[in-house]
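Structural characterization, general
The primary structure of each chain is shown beneath.
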Amino acid sequence: MADRYLILEDGSAYLGEGFGSPAVSTGEIVFNTSMTGYQEIITNQIYHNQIIAFTQPTIGSYGINHDSYESILPTVKGVVVRDVASISTNRQRRWSLDQYLKQQNIPGISHIDTRHLAKQLRASGPMKASIVDVADAHAFDQLGATVLTNRQVAAVATPKPYPNPDTGLNVIVIDFGLKHGILRELSKRSCNVTVLPYTATTEEIINLDPDGVVLSTGPGKPQDLPESVLTMIQNIQNRIPLFAIGLGHELFAMANGAQIMKLSPEHHGANHPIREVITNQIIYASQGQGYAVNPETIDRNKLITTFVDLIDGTIQGLRYRDFPAFSVQFFPDGAPGPTETRDIFDEFVESMQQARGPVW
Amino acid sequence: MQKEVVDSMAMKRALTRITYEIIEQNKGIRDVALVGIKTRGVYIAQRIAARLQQLEAATIPVGELDITAFRDDQPLTVAMAPVAYQLDFDVAGKQVILVDDVLFTGRTIRAALDALMGGGRPQSISLAVLVDRGHRELPIRADFIGKNIPTALQERIKVSVTEVDGHDGIEIIN
């Protein structure tokens, strides 16, 4: 394997070994502390145009599996690890991580002191980075001159509606760059799903006669999305049960007057204890958030805080007071990570059933 | 034959959802009081009250009603006896939420309404039940329902709560 460099916007450079694709690429670097689930993380579109550094020292030990994709085509810009496992074993293994990254044209770099890198990123926050062959002045100039897009949702969300038919409740998923786990959990509950682009209007949604609406996860900064998304949320939240996740949660909060702040350090992992306020129970969930709802801007006559992160106190869940519209910041589908939050999907289904009334 | 139709997780969710629905319908919890019908309704009322207190940081009065005399398996003469006022708080002006485990014929609820009204004029009374199993004999319906379970008349619904039965769950017995 060839020597390659990970270079950062602040001028630092790490020497490592390339794996995966030999491409040169640039993106915003973030670190993820999950111990397992690298396949789901790499394929999660919230990491669009980002380079992911894993703090777990060995990545790739169970290969790439048949049923752990969170998108069809991953759009991460790079994978940074300390050791990449050269041998991987798993009953469902299809490819090694190295093979998969080659297929998807994603460069990887190993032998990086990821502990040092994580500490550096914790202090600085995410910054631009490149995986390059030569760490010279030219490479740093190129990196400095690169402007990262702020139209991530448009790049990864579906441009056209598509169905995922089943025989249960009619659910519309508004796609901001969804992870497959959302569709998987709705499928398990027999929901008849229609996925609509994030530009869907209130009328388009109502015309499909949904029992419930899901606002999906997605990449980037919620303020970069058009105002029309907030109007759509305001128009449907009091008419149809609503469940918002990740970026959807941030938009739901914004639609109800709250402001979004940059989070530092960001949450990328599955190790934060989260308190469910109503029962006082502690849960763990996988998180991937660079932004959070500013608690001081929440109108308490409208919204109730339902989940709180116990490490930094950030808001992890909200609910509207007057109707069944609720949201979580973390990923309740447990792909990857703890699965104890999956019953929030049951809660959503039961809200829809209740809104429909009894079956007799 | 017994079959568990609601497990402890689903029961927990149902109570959580009822709690949020109470906040939705009452526009908050001002003047809300919970009244549980013995035996299991009391524990369900206490759990809902605990949840409301978690969310709203306010104390909710919880009362207990014993309407054994009105059970359907009592002779008619016993069932006609008046039920004394049993609560340790005044219901006048309160938004009372009556809580029971199973809503069946509606006769229990009617008796409970009588008992409540004896104590003053609540601003409103609504009904929360963990299970609505149908087969009403009176014009009564629940405002908050944990689970609609369609049943045959001869079947029984058994609600278990940890405080009495050692575990949470709902079983259908036939």
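Look above for the structure.
A few points on the structure. (Residues numbered from 1 in each chain as written. Chains lettered and ligands numbered in written order. Predicted model: local features only at pLDDT ≥ 70, side-chain atom pairs only at ≥ 80, totals over all residues. Heavy atoms only, no water.)

Turning our eyes to something else, we now look at the interface of chain B and chain A. Tallying the contact residues gives 23 residues for chain B and 24 residues for chain A. At the boundary of chain B with chain A, total buried surface from both sides reaches about 2200 Å², with 55% on carbon and sulfur atoms. Its largest share of buried area at the contact with chain A, chain B owes to R13, Y20 and E24 of chain B, together 31% of the area lost on that side. Remark: the boundary between chain B and chain A carries seven salt bridges. (Contact = heavy atoms within 4.5 Å. Buried area = accessible area lost by both parts, 1.4 Å probe. Salt bridge = Lys/Arg side-chain N within 4 Å of Asp/Glu carboxyl O.)

Glancing now at the sheet that holds strand 3 (residues 25-32) of chain A. All names here are of chain A. Read around the barrel, seven strands follow the order 1-2-10-7-4-3-11 and close on themselves; strand pairing throughout is mixed. Adjacent strand axes in the sheet meet at a mean angle of 35°, parallel and antiparallel pairs treated alike. With five bridges joining them, strand 3 and strand 4 (residues 50-54) adopt parallel strand pairing. Directly across from V30, in strand 4, lies its bridge partner I52. (Pairing = 2+ DSSP bridges. Helix = DSSP H or I, 4+ residues; strand = E, 2+ residues; numbered from the N terminus. Axes fitted to C-alpha atoms, helices over the stretch in contact; angles between N-to-C directions.)

Here we come to unusual backbone geometry. Residues and elements named next belong to chain A. Of the consecutive residues S264 and P265, the connecting peptide bond is found in the cis state with omega at -5°. Relative to the helices and strands, P265 resides in strand 17 (residues 260-276). With an omega of 5°, the peptide bond between A335 and P336 qualifies as cis. In the Ramachandran plot, N105 falls in the positive-phi region, its phi being about 60° despite a non-glycine side chain. Classification of N105 by relative accessible area gives exposed; the value is 52%. Its identity is not glycine, yet N280 carries a phi of approximately 65°, on the positive side. (Buried < 20%, exposed > 50% of the residue type's maximum accessible area, 1.4 Å probe, protein only.)

Residue and element names in this part refer to chain A. By the alternation rule, side chains of strand 15 (residues 212-215) split into G212 and V214 and V213 and L215, which are all buried. In this sheet, strand 15 lies alongside strand 13 (residues 170-175) in parallel orientation, the contact comprising four bridges. Bridge pairing in strand 15 links I174 to L215.

It is worth spelling out the side chain of T217 of chain A at this point. All names here are of chain A. Take T217: it is sitting in the loop between strand 15 and helix 8 (227-236). Take T217: its relative accessible area is 0%, and that puts it in the buried class. One polar contact links the side chain of T217 to the main-chain amide nitrogen of K179, over a distance of 3.3 Å. Residue contacts for T217: discarding those within four places in its chain leaves I46, F176, G177, L178, K179, I182, I245, G246, L247 and F331. (Polar contact = N/O pair within 3.5 Å; in protein donor to acceptor, adjacent residues only side chain to side chain.)

So, about the nonpolar core. Across soluble globular proteins, you tend to see nonpolar side chains buried next to one another. All names here are of chain A. Residues F54, L97, V171, V173, L186, V214 and F243 are the most contacted members of the largest nonpolar core, which totals 46 residues. Ranked by the residues each element gives to this core, the list is headed by helix 10 (residues 343-356), at five residues. The next biggest cluster of nonpolar side chains, apart from the first, holds 37 residues, and it includes I172, M232, F252 and F323. (Core = buried A, V, L, I, M, F, W, Y, C linked by side-chain atoms within 4.5 Å.)

To describe two helices that pack against each other, one gives the angle between their axes and the distance between the axes. Residues and elements named next belong to chain A. Where helix 8 contacts helix 9 (residues 247-255), the axes come no closer than 9 Å and their chain directions differ by 75°. The orientation of helix 8 with respect to helix 9, classified from their angle, is roughly perpendicular. Residues V229, L230, I233 and Q234 of helix 8 touch helix 9, and the partners they reach there are L251, F252, M254 and A255. Residue classes in the contact of helix 8 with helix 9 are distributed as seven nonpolar, one polar and no charged. (Parallel < 35°, antiparallel > 145°, perpendicular 65-115°, else oblique. Nonpolar A, V, L, I, M, F, W, Y, C, P; charged D, E, K, R; others polar.)

What follows is about the sheet that holds strand 4 (residues 95-103) of chain B. All names here are of chain B. Sheet architecture is open: five strands sit in the order 3-2-4-5-6, paired in parallel fashion. If you trace the sheet from one side to the other, it starts and ends with strand 3 (62-65) and strand 6 (144-148), each paired once. Between one strand and the next, the sheet's axes are offset by a mean angle of 25°, whatever the strand orientation. Bridge count between strand 2 (residues 32-37) and strand 4: five bridges; the pairing is parallel. The partner of G36 across the bridge, within strand 4, is V99. Along the sheet, helix 1 (residues 8-26) makes contact with strand 2, strand 4, strand 5 (124-132) and strand 6, crossing strand 6 at roughly 150°.

With that settled, the discussion passes to the pairing of strand 11 (residues 127-132) of chain A. All names here are of chain A. Of all six residues in strand 11, six are buried, a share of seventy percent or more. Here four bridges tie strand 1 (residues 3-8) to strand 11, and the two strands are oriented antiparallel to one another. Residue pairing in the sheet places Y5 in a bridge with V132 of strand 11.

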